[in-house]
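# Analysis of the macromolecular model
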Amino acid sequence: MSLQERDKKHLWHPLTQHKIHPESLAISKAKKCVLTDENGNEYIDAIASWYTCMYGHCNDFITSRVSEQMKRLDQVVFSGFTHEPAIKLSEALMDILPQNQQKIFFSDNGSTSVEIGIKMALQYHFNRGEKRNTLIAFEDGFHGDTFGAMSVSGLSVYNGPFEEFFLDVKRIPVPNGDNLDAVLQQLETIIKENKVAGFVYEPLVQGAAAMKMHDPKGLDAILKFCKNNNIITVADEVMTGFGKTGKHFASLHMETKPDVMCLSKALTGGLLPMALTTCTQDIYDAFYSDDIGKGLFHGHTYSANPLACTAALASVELLQSEAIQNNIKRIMVSHEAFGNRVKNHPKVKATRQSGIIFALDLNIEMARYGNLRDTLFKFFMDHGVFLRPLGSTIYIQAPYVITDAELAKVYTVIEMALETV
Ligand SMILES: *Cc1c(COP(=O)(O)O)cnc(C)c1O
């Protein structure tokens, strides 16, 4: 029996309605930008397996560092103990994070890094004797699938059974270049009527909202407003972090830096699950006390797993290398040329780009998980490219090591799709 058949017996997949989508493609290996299925078919991974494997799958530099580490120290409790991989990683991150970030808290996936960011914001005020229980978030944001993260997310179509248990969240539109006065006015009203603890946002690019992009100047003004009102700003850079927007972090495009940052996905180059919540000295100091109850009593069994820390350190070194930085520039230029080529096509409504993130909206209405979207997905896979359209938006977020020939193939297959949809 094929893996695809055996899968169906016991496995329940994420974000899947199994009655409508019974088949899961079995991938047996991956190297650099290529996935190979159990029948030997190859696919270019043009979304870096949800934006994780940015240095290529099974990257030799990362895997050899981790296999060395594996023989020395595999796992140890991170409460009361520490280890070199975590320490080295923290030192390396200080070189690339916005300078106000000083402390690093570990967890193991993007959603929990956001939960921790939310707890930091709520407890920061609590520890200072202020009750603030409302959060602000952007409409259409996505921050993960645990309860706090779901609460601050705006895509609520599938949240029906849970909504009544959500945290108190007020939503504002993203700044689009024209609406800033209205957004700031709305913020004024929200803070008059509520006790606002924090603002959780994806800086510049909202991934799950189909790579929706917004205005850095407007975001900067919103962040300034929050600072002036002692609202803790929590930048969810789970997707945008580690070079995606052309800088190491999207937050580096704004003058005002966040108080808290959430990182995961490309952090370990896709090798192992890990996440970080980083914060300023000021946030940390609000928890630093003779009173044990003022500490951040949050922890995960695998917090700061030494193997994941080693993978992350190797990834950060790669990110800073000249080779990867040149690749990022090369992909940005290449996407720009592709955007210019297709933007006037009658089937294309709009194109946009931030760093190596490229998105194209089709001139056709499509349900997020509807038939037409499935047809498009199948078209790409049949032509050897793994692209995962979000409704009628096709986006590329390929590994930094994608070759020019592979990029050309991705573009060609998208252009072929424009002729057939
Ligand atoms: C993927 C993602 C998350 C959730 O991360 P998981 O590791 O899937 O829990 C949160 N925020 C953003 C912006 C993401 O892209």
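Rules used throughout
Residues numbered from 1 in each chain as written. Predicted model: local features only at pLDDT ≥ 70, side-chain atom pairs only at ≥ 80, totals over all residues. Heavy atoms only, no water. Helix = DSSP H or I, 4+ residues; strand = E, 2+ residues; numbered from the N terminus. Rg over C-alpha atoms; globule rule 2.2 N^0.38 Å. Buried < 20%, exposed > 50% of the residue type's maximum accessible area, 1.4 Å probe, protein only. Contact = heavy atoms within 4.5 Å. Lys, Arg positive; Asp, Glu negative; His and termini not counted. Charge placed at Lys NZ, Arg CZ, Asp CG, Glu CD. Near = heavy atom within 4 Å. Polar contact = N/O pair within 3.5 Å; in protein donor to acceptor, adjacent residues only side chain to side chain. Areas by Shrake-Rupley, 256 points an atom, 1.4 Å probe, with all protein chains shown as cover. Nonpolar A, V, L, I, M, F, W, Y, C, P; charged D, E, K, R; others polar. Expected span 1.5 Å × (residues − 1). Core = buried A, V, L, I, M, F, W, Y, C linked by side-chain atoms within 4.5 Å. Pairing = 2+ DSSP bridges. Axes fitted to C-alpha atoms, helices over the stretch in contact; angles between N-to-C directions.

By the naming in an unreviewed UniProt entry, the protein is Adenosylmethionine--8-amino-7-oxononanoate transaminase, taken from Pseudotamlana agarivorans.

What follows covers the overall build of the protein. Summing up its helical and strand segments, the protein has 13 helices and 16 strands in all. Taken over the C-alpha trace, the protein has a radius of gyration of 22 Å; the compact-globule value for 421 residues is 22 Å, and the two agree within 12%. Seen through its principal axes, the protein has C-alpha atoms that stretch 60 × 55 × 45 Å. Looking at the protein residue by residue over its 421 residues, the buried ones come to 51%. Considering only contacts within the protein whose residues lie at least 6 apart along the sequence, 71% involve residues at least 24 apart. Positive and negative side-chain charges of the protein, numbering 41 and 48 respectively, have mean locations separated by a distance of 1 Å.

On to the site of the ligand, then. N109, G110, S111, F142, H143, G144, E202, D236, V238, M239 and K265 make up every residue found near the ligand. One of the backbone N or O atoms of G110 is found 2.8 Å from an oxygen atom in the ligand. Note that a nitrogen atom of the ligand is positioned 2.6 Å from one of the side-chain N or O atoms of D236. Bound to the protein, the ligand loses 80% of the 380 Å² it would expose on its own. Residues of the shell around the ligand, tallied by class, amount to 3 nonpolar, 5 polar and 3 charged.

With that out of the way, let us pick up helix α11 (residues 322-342). Its 21 residues give α11 an end-to-end C-alpha distance of 30 Å, which sits within 8% of 30 Å, the value for a rise of 1.5 Å per residue. The inward-facing, buried residues of α11 contact α10 (306-320), β13 (348-354), β14 (357-362), β16 (393-396) and α13 (404-420).

Attention now goes to the nonpolar core. Grouped together as the largest cluster of nonpolar side chains are 97 residues, with contacts concentrated most on F199, F242 and L387. Here this core takes 10 residues from α10, the largest share from any one element. In contact with F242, other than residues within four places in its own chain, are Y55, L93, I96, H248, F249, L263, S264, A266, L267, V316, L319 and Y400. V114, I116, V152 and F287 belong to the second largest nonpolar core, which has 22 residues in total.

In this section: the sheet that holds β14. Backbone hydrogen bonds hold the strands of a sheet together, and the pairing may be parallel or antiparallel. Read from one edge to the other, the open sheet built from 3 strands follows the order β13-β14-β16, with strand pairing classed as antiparallel. Two strands lie at the open edges of the sheet, namely β13 and β16, each paired on one side alone. With direction set aside, neighbouring strand axes in the sheet form an average angle of 15°. Pairing of β14 with β16, which is carried by 4 bridges, proceeds in the antiparallel orientation. By the bridge assignment, A359 is partnered in β16 with Y395. Packed on one face of the sheet, α13 meets β13, β14 and β16 and runs near 170° to β16.

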